[in-house]
Amino acid sequence: MRREILDAYLADNRKARVLLRDATYIRAWQPMHGKRNRKPPSGAAAFSAQDYLISVAEGKQPAGFLLSQVQAGKRKAPAGRVR
């Protein structure tokens, strides 16, 4: 269960924030350098850890679903970022 929760938060690309060296935060989908006016992911590409874990708790989503998606390479946490 612990691994599933951690995987969900690392795969979050909607609400997650990344702490930068200058003590500011950016959203996980924003580029670290350059203009930050990109739009957040939508549709099937968007993933919210909070929404996922709530649906698991309510029994609407089978437990372990995310872990199998991450292992299959369909969902990946942003590379090169320390959270």
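Residues numbered from 1 in each chain as written. Predicted model: local features only at pLDDT ≥ 70, side-chain atom pairs only at ≥ 80, totals over all residues. Heavy atoms only, no water.

When helices and strands are counted, the protein chain shows 3 helices and 2 strands. Taken from N to C terminus, the helices and strands of the protein chain fall in the order α-β-β-α-α. A buried classification covers 31% of the 83 residues belonging to the protein chain. Within the protein chain, residue pairs in contact and separated by at least 24 positions form 59% of the contacts whose partners lie at least 6 positions apart. Within the structure as shown, the protein chain displays about 6000 Å² of accessible surface, and the carbon and sulfur contribution to it stands at 54%. (Helix = DSSP H or I, 4+ residues; strand = E, 2+ residues; numbered from the N terminus. Buried < 20%, exposed > 50% of the residue type's maximum accessible area, 1.4 Å probe, protein only. Contact = heavy atoms within 4.5 Å. Areas by Shrake-Rupley, 256 points an atom, 1.4 Å probe, with all protein chains shown as cover.)

In this section: the packing of aromatic side chains. Aromatic ring pairs are described here by two measures, namely the spacing of the ring centres and the angle between the planes. Taken as a whole, this structure holds 1 aromatic pair when the rule is applied. Relative to Y52, the ring of F47 has its centre 5.7 Å away and its plane inclined at 50 degrees; by these criteria the two rings are tilted. A relative accessible area of 7% places F47 in the buried class. On the accessibility criterion, Y52 (5% relative accessible area) is buried. (Phe/Tyr/Trp six-rings, centres within 6.5 Å; stacked < 30°, edge-to-face > 60°.)

All right, on to the nonpolar core then. Soluble, globular proteins show a tendency: their nonpolar side chains are buried together. Counting residues in each nonpolar core, the largest one holds 7 residues, listed as A8, A11, F47, A49, Y52, L53 and V56. Listing elements by their share of this core, those giving two or more residues are α1 (2-11) and α2 (49-57). Top contributing element to this core by residue count: α2, with 4 residues. (Core = buried A, V, L, I, M, F, W, Y, C linked by side-chain atoms within 4.5 Å.)

Once that is clear, we can look at α2. Within α2, the full set of buried residues consists of A49, Y52, L53, S55 and V56. One side of α2 holds all its buried residues, which, seen down the axis, span an arc of 160 degrees. Positive phi shows up at G59, right after α2, with a value of about 85 degrees. (Arc of directions from axis to C-beta.)

A separate point is a nonpolar patch on the surface. A grouping of M1, I5 and Y9 is seen on the molecular surface, where their side chains present a nonpolar patch of about 330 Å² in accessible area. In this fold, Y9 is placed in helix α1. (Patch = residues over 30% accessible without salt bridge, like charges linked within 9 Å, V, L, I, M, F, W, Y side chains within 5 Å. Salt bridge = Lys/Arg side-chain N within 4 Å of Asp/Glu carboxyl O.)

With that settled, consider the side chain of S48. Take S48: it is sitting in the loop between β2 (25-27) and α2. Apart from residues lying up to four places away in sequence, S48 is in contact with D12, R14 and K15.

So, about α1. Along α1, the residues classified as buried are E4, D7, A8 and A11. Down the axis, α1 shows its buried residues gathered within 100 degrees of arc, on one side only.

Fair warning: the whole summary comes from geometry, so function is off the table for now.
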